[in-house]
Amino acid sequence: MPTRRQWMTTEAVKVAALLAATGLLPDTALAAWNAGAFDARSVVDAMKALGRAAPVASGDITLTAPDIAENGASVPVSLSTRLPGVKQMALLVEKNPNILVAVFDLGDGMEPDISTRIKMAESSNVVAVAVMGDGRVLFAQRDVKVTLGGCAA
């Protein structure tokens, strides 16, 4: 007689196989993964890998981050704009082993105001990018000093 845990595991595998066979298994996580963008060595290269133009500096993008982060493993940042028609926002850290930290796809009606915590390997510029519906790519950056690293190189 199988244990409850064994039975649940077997049934979960059966359901996943059924969903995969019928094409109903969501694969959005794998579709969103862009290895070229995460392996990029510069902000411009990361934007190219995402299929975007080189970003242009804008005062309409607000990036909030501490001047000095005591722990690079958890640096609070927020990015926002009041511009209408933002389709995507991204966070990049120039001196991280992987420059691209996060990409956020925004649907219609979503407010372009994001707060999160990021890892930083060392003191660096943090770059917030907003991709507009008309194709413009805007950015703001801020220098953040890290006293204790958070990413391994």
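Rules and cut-offs
Residues numbered from 1 in each chain as written. Predicted model: local features only at pLDDT ≥ 70, side-chain atom pairs only at ≥ 80, totals over all residues. Heavy atoms only, no water. Helix = DSSP H or I, 4+ residues; strand = E, 2+ residues; numbered from the N terminus. Buried < 20%, exposed > 50% of the residue type's maximum accessible area, 1.4 Å probe, protein only. Contact = heavy atoms within 4.5 Å. Areas by Shrake-Rupley, 256 points an atom, 1.4 Å probe, with all protein chains shown as cover. Core = buried A, V, L, I, M, F, W, Y, C linked by side-chain atoms within 4.5 Å. Salt bridge = Lys/Arg side-chain N within 4 Å of Asp/Glu carboxyl O. Pairing = 2+ DSSP bridges. Axes fitted to C-alpha atoms, helices over the stretch in contact; angles between N-to-C directions. Polar contact = N/O pair within 3.5 Å; in protein donor to acceptor, adjacent residues only side chain to side chain.

Chemist: Tell me what's going on with the overall build of the protein chain, and back it up with residues and numbers.
Modeler: Check the secondary structure of the protein chain and you find four helices and nine strands. Secondary structure of the protein chain in N-to-C order comes out as α-α-α-α-β-β-β-β-β-β-β-β-β. When the 153 residues of the protein chain are sorted by exposure, 33% land in the buried category. In the protein chain, of all internal contacts separated by at least 6 residues, the share reaching a separation of at least 24 is 63%. In the form shown here, the protein chain has an accessible surface area of approximately 9400 Å², with 56% of it arising from carbon and sulfur atoms.

Chemist: Which residues make up the nonpolar core, and what values do they have?
Modeler: Counting 24 residues, the largest nonpolar core has Val-75, Met-89, Leu-91, Ile-118, Met-120, Val-126 and Val-144 as the members making the most contacts within it. Elements with a contribution of two residues or more to this core: strand 2 (61-64), strand 4 (75-81), strand 5 (86-93), strand 7 (113-118), strand 8 (124-132) and strand 9 (137-146). Within the second largest apolar cluster, 15 residues are counted, among which are Phe-38, Ala-46, Met-47 and Val-129.

Chemist: Can you break down the side chain of Ser-58 residue by residue, with the values?
Modeler: Position of Ser-58 among the secondary structure elements: in the loop between strand 1 (56-57) and strand 2. Residues in contact with Ser-58, not counting those within four places in the same chain, are Leu-138, Phe-139 and Ala-140.

Chemist: Account for the pattern of salt bridges, naming residues and giving values.
Modeler: Evaluated as defined, the whole model comprises five salt bridges. Note that Asp-108 is salt-bridged to Lys-87, the shortest N-O span being 2.9 Å. Of the two residues, Asp-108 sits in the loop between strand 6 (100-105) and strand 7 while Lys-87 sits in strand 5, which places them 21 residues apart along the sequence. Of the charged contacts in the structure, one is a salt bridge between Asp-143 and Lys-145, with a shortest N-O distance of 2.9 Å.

Chemist: Give me the lowdown on the sheet that holds strand 2, citing residues and values where you can.
Modeler: Judged by pairing direction, the sheet is antiparallel, and its three strands sit side by side in the order 2-4-7 without closing on themselves. Where the open sheet ends on each side, the last strands, each with one partner, are strand 2 and strand 7. Here the strands of the sheet are splayed against their neighbours by 15° on average, with no regard to which way each runs. Looking at chain direction, strand 4 and strand 7 are connected through six bridges and run antiparallel. Across the sheet, Leu-79 pairs through a bridge with Ile-114, a residue of strand 7.

Chemist: Give me the environment of Arg-142: which residues, what numbers.
Modeler: In this fold, Arg-142 is placed in strand 9. Sequence separation between Arg-142 and Leu-63 is 79 residues; the distance between their C-alpha atoms is 7.1 Å. Residues contacting Arg-142, with those up to four places away along its chain left out, are Leu-63, Ala-65, Pro-66, Asp-67, Ser-124, Asn-125 and Val-126. A distance of 2.7 Å separates a polar side-chain atom of Arg-142 from the backbone oxygen of Ala-65.

Chemist: Could you give me a rundown of the side chain of Gln-88, with the residues and numbers involved?
Modeler: By the secondary structure assignment, Gln-88 is in strand 5. The exposure class of Gln-88 is buried, given its relative accessible area of 9%. A polar side-chain atom of Gln-88 sits 3.3 Å from a polar atom in the side chain of Arg-52. Leave out the neighbours within four places in its chain, and Gln-88 touches Arg-52, Val-103, Phe-104, Asp-105, Leu-106, Val-129, Ala-130 and Val-131.

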